[in-house]
Amino acid sequence: MIRLALLRHGPTEWNRMGRIQGRSDIALDDQARLDLGALRLPGAWEKAELWSSPLARARDTATCLTGRMPQISDALIEMNWGRFEGQKGAELIEDPESGYRHIEDWGWDYCPPDGESPRMVSERLDPWLDGLTRDAVAVCHIGVMRVLLARAHGWDFTGPAPFRIKRNRLYILTLDESLSADPEPLRLISREAGA
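Quick summary incoming for the structure in this document. Treat the numbers as computed from the prediction; the structure is a model and nothing was measured.

## Some thoughts on the pattern of salt bridges
Any two side chains of opposite charge can pair, on the condition that their charged atoms come close.
Then step 1. Here the structure, examined in full by the defined rule, presents 10 salt bridges.
Then step 2. A salt bridge links Glu116 to Arg23; the nearest nitrogen and oxygen atoms lie 3.1 Å apart. Note that Glu116 is positioned in the loop between α4 (89-94) and α5 (118-131) and Arg23 in the loop between α1 (13-17) and α2 (30-37), a separation of 93 residues in sequence.
Then step 3. A salt bridge links Arg134 to Glu49; the shortest N-O distance between them is 3.8 Å. Of this pair, Arg134 sits in the loop between α5 and β5 (136-140) while Glu49 sits in strand β3 (residues 49-52); the two residues are 85 residues apart in sequence, bridging distant segments of the chain.
Then step 4. For Glu49, a relative accessible area of 15% translates into the label buried.
Then step 5. A single network of salt bridges, built from pairs that share partners, joins Arg23, Glu116 and Arg124.

## Here's the deal with the packing of α2 against helix α3 (residues 56-66)
Geometry of a packed helix pair, given as the angle between the helix axes and the separation of the axes.
Then step 1. At their nearest, the axes of α2 and α3 sit 7 Å apart, and the two run at 35° to each other. Where α2 crosses over α3, the handedness of that crossing is right-handed. Packed against α2, whose contacting residues are Arg33, Leu36 and Gly37, the element α3 presents Asp60, Thr61, Cys64 and Leu65 at the interface.
Then step 2. Here the contact of α2 with α3 is built from residues that sort into 3 nonpolar, 2 polar and 2 charged.

## Here's the deal with the nonpolar core
Then step 1. Counting 40 residues, the largest nonpolar core has Leu4, Leu6, Trp128 and Leu132 as its most contacted members.
Then step 2. Those elements that place two or more of their residues in this core are β1 (2-8), α5, β5, α6 (142-153) and β6 (169-175).
Then step 3. Element by element, the count of residues in this core is highest for α6, at 8 residues.
Then step 4. In contact with Trp128, not counting residues within four places along its chain, are Leu4, Trp51, Ser73, Ala75, Leu76 and Ala138.
Then step 5. Among the nonpolar cores identified, the runner-up in size contains 15 residues, and Leu41, Trp45, Ala58 and Leu65 belong to it.

## Describing the packing of aromatic side chains
Then step 1. Taken as a whole and judged by the stated rule, the model has 10 aromatic pairs.
Then step 2. Aromatic side chains Trp51 and Trp128 sit 5.6 Å apart centroid to centroid with 85° between the ring planes, which places their arrangement in the edge-to-face category. With Trp51 in strand β3 and Trp128 in helix α5, this residue pair connects regions lying 77 residues apart in the sequence. Each member of the pair, Trp51 as well as Trp128, carries the same accessibility label: buried.
Then step 3. Consider the rings of Trp81 and Tyr100, whose centres lie 6.0 Å apart with planes at 35°: the pair is tilted. Pair noted here: Trp81 is in the loop between β4 (71-72) and α4 and Tyr100 is in the loop between α4 and α5, with a separation of 19 residues, a long-range link. Considered together, Trp81 and Tyr100 belong to a single accessibility category, that of buried residues.
Then step 4. A network of ring pairs unites the aromatic residues Trp81, Phe84, Tyr100, Trp106, Trp108, Tyr110, Trp155, Phe157 and Phe163 as a single cluster.

## Notes on a negative patch on the surface
Then step 1. The grouping of Glu91, Glu94, Asp95 and Glu97 at the surface amounts to a negative patch.
Then step 2. Mapped onto the elements, Glu97 comes out in the loop between α4 and α5.

Rules of the game
- One numbering rule holds for all chains: residues counted from 1, following each sequence as written.
- Only residues with pLDDT of 70 or above have their local features reported here, since the model is predicted, and side-chain atom pairs are shown and tallied only from 80 upward, although totals for entire chains, interfaces and linings are computed over all residues.
- Hydrogens are left out, water is left out, and the side-chain values use all remaining heavy atoms of the structure.
- Within this document, salt bridges are pairs made up of a side-chain nitrogen of Lys or Arg and a carboxyl oxygen of Asp or Glu, the two lying within 4 Å of each other.
- We count a stretch as a helix when DSSP gives it H or I for four or more residues in a row; a strand needs E for two or more, and each element gets its number in order from the N terminus.
- Note on classification: 1.4 Å probe, protein chains only; a residue is buried when its accessible area is under 20% of the maximum for its type, exposed when over 50%, partly exposed between these limits.
- Between N-to-C directions, angles span 0 to 180 degrees; the directions come from axes that are lines fitted to C-alpha atoms, helices contributing only their stretch in contact.
- With the far helix as reference, a near helix turned anticlockwise by less than a right angle produces a left-handed crossing, and one turned clockwise produces a right-handed crossing.
- Throughout, a contact is declared for two residues whenever any of their heavy atoms are within 4.5 Å.
- Classification used: nonpolar for Ala, Val, Leu, Ile, Met, Phe, Trp, Tyr, Cys and Pro, charged for Asp, Glu, Lys and Arg, polar for all others including Gly.
- To define a nonpolar core, start from buried Ala, Val, Leu, Ile, Met, Phe, Trp, Tyr and Cys residues and group those joined through side-chain atoms within 4.5 Å.
- Aromatic rings from Phe, Tyr and Trp, taking only the six-membered ring of Trp, are treated as a pair when their centres fall within 6.5 Å; an angle between ring planes under 30 degrees marks them as stacked, one over 60 as edge-to-face, and anything in between as tilted.
- Each patch is built from salt-bridge-free residues with over 30% relative accessible area, joining like charges within 9 Å and nonpolar side chains (Val, Leu, Ile, Met, Phe, Trp, Tyr) within 5 Å.
- The method behind every accessible area is Shrake-Rupley, applied with a 1.4 Å probe, and residues are considered shielded solely by the protein chains displayed.
- His residues and chain termini do not enter the charge count, which takes Lys and Arg as positive and Asp and Glu as negative.
- Taken as the charge location is NZ of Lys, CZ of Arg, CG of Asp or CD of Glu.

Written out as structure tokens, the structure reads:
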């Protein structure tokens, strides 16, 4: 039995502006670096394997938080948002011609124009998951986390999600015959509190 902790990267300028990043390689902003430098992984997770998406915002989150360079996997890169990247979701949803949908209306096969569906993300993650040999922390993106948590919770991207992804929390999955999720995420710990 292997445990996998998922952590969303710290904020970027595009996050704060409501822009869809997808595979655009947008760096962490200065405040995110400062905030992450004051935190650490909880307990046993400090010794887990450390993985990251190849995008700078995830890789730098891992390094700021742990002081270690993560192993990189292309499987952990964010969902490809195609022609929606760089645009604001709030503006796209106001335009009925855009094809943009709220997440609870996706289903597994919703695909942004020239982008990637949740099912496609899930399929590219499978070989990486199968290759894990011990407990790991993966610093990645909300799209990747949504797909893995959807699988663990049996959610099909229709109706309200049974989870809410927040920053600075580890979402713990157990990899066995299938994926299962712990009911509550673990908060990152203040370095001062842990000293």
